[in-house]
Amino acid sequence: MKMTMHIDEDVLDRVMTITGAKSKTQAVEIALTEMARRHRLKELLSQGLGLTPDELKAEFAPTAADLIDSHGFKVAEHKADYGQPDPAGQ
């Protein structure tokens, strides 16, 4: 299904850079998925949780795609913040 949307190009470019999305469609899908995930988290937190650690992990654990930055590095191993050199030189 094809859909026409008017999206600020600067914002879309930034999302593509931050996420490493290869297309505008992929960037929009990533952003929408993240917003839905955050909303689910807020709903659960407002209910006082009541979930076991395993249930929380299953609901909110990042996918493999979430752990890889635009350069192919695992995010936890990549110390520079959004492409900026690490001030400690690491």
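Quick note: structure is the one above.
Just so we're clear, the structure is a prediction, and the values are computed from it rather than from any experiment.

What counts and how
Residues numbered from 1 in each chain as written. Predicted model: local features only at pLDDT ≥ 70, side-chain atom pairs only at ≥ 80, totals over all residues. Heavy atoms only, no water. Salt bridge = Lys/Arg side-chain N within 4 Å of Asp/Glu carboxyl O. Helix = DSSP H or I, 4+ residues; strand = E, 2+ residues; numbered from the N terminus. Buried < 20%, exposed > 50% of the residue type's maximum accessible area, 1.4 Å probe, protein only. Patch = residues over 30% accessible without salt bridge, like charges linked within 9 Å, V, L, I, M, F, W, Y side chains within 5 Å. Areas by Shrake-Rupley, 256 points an atom, 1.4 Å probe, with all protein chains shown as cover.

### Details of the pattern of salt bridges
Opposite charge on two side chains permits them to pair, given that their charged atoms come into close proximity.
Alright, step 1. Inspection of the entire model under this criterion finds three salt bridges.
Alright, step 2. The partner of Glu34 in a salt bridge is Arg37, and the shortest N-O contact between them spans 2.7 Å. In this pair, Glu34 and Arg37 are both assigned in helix H2 (residues 24-46), three residues apart and thus about one turn of the helix distant.
Alright, step 3. Owing to a relative accessible area of 26%, Glu34 belongs among the partly exposed residues under this scheme.
Alright, step 4. A network of salt bridges, in which partner residues are shared, links Glu34, Arg37 and Arg38.

### As for a nonpolar patch on the surface
Alright, step 1. A cluster of nonpolar side chains, contributed by Met1, Met3, Met5 and Ile7, occupies part of the molecular surface with about 520 Å² of accessible area.
Alright, step 2. In this structure, Ile7 sits in the segment before helix H1 (9-19).

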